[in-house]
Amino acid sequence: TTTIQSVKKSRAYFANQRDIEKAKNDTLQKTVTSLAVDVEKADGVIAKQQQKHERDIEKRDDLIDKAREAKRRKQSEASEDSRKYSEEMKRTIEELKRYKLIAKEATINKEKAEKETEKMRKENDDIKEKWEALIASHRDELKQEKELTDKAKLEGKAALRAKEEEYSDV
């Protein structure tokens, strides 16, 4: 009965080890899924910021072109009457100031977007490094556990053979 109890304990131990490995694998899978979702979200935010940045640049370029065109138009019309010219120039200058402010804001937004993009890339790289370290650690643990399990199996088989030989001698 001691041998039977020993075999039962070995079987229970191995079953428990399989359950532990399965739980660890399930946890690891959930972590992988969560990290993948986080990376996809970060990529989406980066893409949106890039699109916004491109729209801001297009707006700025359009405003600059409009300002140049307005300035040319105003200058050609101003030749008719110096008073009209003076008034139009004042308006043009005000528009240019406004366009300049808008262009400056677009440039600031671009810089902010680039900084945020770089920050997100760094965060993604950090997440990736942590994930790779976790995977490597888990692999090492699984390898050690497999070695221990294999060793325990061999010891259990040897003990079982020894008991069988002991009983066969009797």
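To be clear, the structure that these remarks concern was listed above.
Every chain's residues receive numbers from 1 upward, in the order its sequence appears when written. pLDDT decides what is reported in this predicted model: residues at 70 or higher carry local features, side-chain atom pairs at 80 or more are listed and counted, and totals for whole chains, interfaces and linings draw on all residues regardless. Processing note: side-chain calculations cover all non-hydrogen atoms of the structure and skip hydrogens and water entirely.

Caption draft 1: The arrangement of the overall build of the chain in detail. A tally of helices and strands in the chain yields 2 helices and 0 strands. The C-alpha atoms of the chain give a radius of gyration of 37 Å, which is well past the 15 Å a tight globule of 170 residues would have. Seen along its three principal axes, the alpha-carbon backbone of the chain occupies a region of about 130 × 15 × 15 Å. Buried positions account for 16% of the 170 residues belonging to the chain. Under this rule, positive means Lys or Arg and negative means Asp or Glu; His and the chain ends count for nothing. Throughout, a charge is located at the NZ atom of Lys, the CZ atom of Arg, the CG atom of Asp or the CD atom of Glu. Where the 43 positive side-chain charges of the chain centre and where its 40 negative ones centre are 3 Å apart. Runs of E in the DSSP output that reach at least two residues are strands. Runs of H or I that reach at least four are helices, and both are numbered from the N terminus. A radius of gyration in this sense is built from C-alpha atoms; the matching globule rule multiplies 2.2 Å by the number of residues raised to 0.38. For every residue, the accessible area (1.4 Å probe, protein chains only) is compared with the maximum for its type, and the residue is labelled buried under 20%, exposed over 50%, or partly exposed between those bounds.

Caption draft 2: Structural detail: the packing of aromatic side chains. Centres within 6.5 Å are what make two rings of Phe, Tyr or Trp a pair, Trp counting through its six-membered ring; a difference in plane orientation under 30 degrees is then read as stacked, over 60 as edge-to-face, and the rest as tilted. Counted according to the given criterion, the structure contains 1 aromatic pair. Judged by centre distance (5.6 Å) and plane angle (65°), the ring pair of Tyr-13 and Phe-14 falls under edge-to-face. Look at Tyr-13 and you get partly exposed, because its relative accessible area is 37%.

Caption draft 3: Spatial organisation of the environment of Thr-107. For Thr-107, the position within the fold is in helix 2 (residues 82-169). Sequence spacing of Thr-107 and Ile-127 is 20 residues, and the spatial spacing of their C-alpha atoms is 30 Å.

Caption draft 4: Looking closely at the pattern of salt bridges. We count a salt bridge whenever a side-chain nitrogen from Lys or Arg sits within 4 Å of a carboxyl oxygen from Asp or Glu. The full count for this structure, using the stated rule, is 10 salt bridges. A salt bridge links Glu-141 to Lys-24, with the nearest nitrogen and oxygen atoms 3.7 Å apart. A residue pair is termed long-range when its members are at least 10 positions apart, and Glu-141 in helix 2 and Lys-24 in helix 1 (residues 2-78) qualify at 117 residues. For Glu-141, a relative accessible area of 33% translates into the label partly exposed. With a closest N to O distance of 3.0 Å, Arg-72 and Glu-69 form a salt bridge. Pair noted here: Arg-72 and Glu-69 are both in helix 1, with a separation of 3 residues, about one helical turn. The exposure class of Arg-72 is partly exposed, given its relative accessible area of 48%. By relative accessible area, which is 40% here, Glu-69 ends up partly exposed. Connected through shared salt-bridge partners, Lys-24, Glu-141 and Glu-145 make up one network.

Caption draft 5: Layout of a positive patch on the surface. For patches, a residue must show more than 30% relative accessible area and have no salt bridge; joins then use 9 Å for like charges and 5 Å for nonpolar side chains, namely Val, Leu, Ile, Met, Phe, Trp and Tyr. Residue-level accessible areas treat just the shown protein chains as cover; the underlying method is Shrake-Rupley with a 1.4 Å probe. A cluster of basic residues, Arg-18, Lys-153, Lys-157 and Arg-161, forms a positive patch at the surface. Secondary-structure assignment places Arg-161 in helix 2. Judged by relative accessible area, Arg-161 falls into the partly exposed class, the value being 49%.

Caption draft 6: Representation of the environment of Ile-102. Relative to the helices and strands, Ile-102 is located in helix 2. For Ile-102 and Ile-64, which are 38 residues apart along the polypeptide, the C-alpha to C-alpha distance reads 9.7 Å.

Caption draft 7: Examining the environment of Gln-75 more closely. On the secondary structure map, Gln-75 appears in helix 1. Residues Gln-75 and Lys-115, spaced 40 residues apart in sequence, show a C-alpha to C-alpha distance of 41 Å. We call two residues in contact whenever any of their non-hydrogen atoms come within 4.5 Å of each other. Apart from the residues within four sequence positions on either side, Gln-75 is in contact with Tyr-85 and Met-89.

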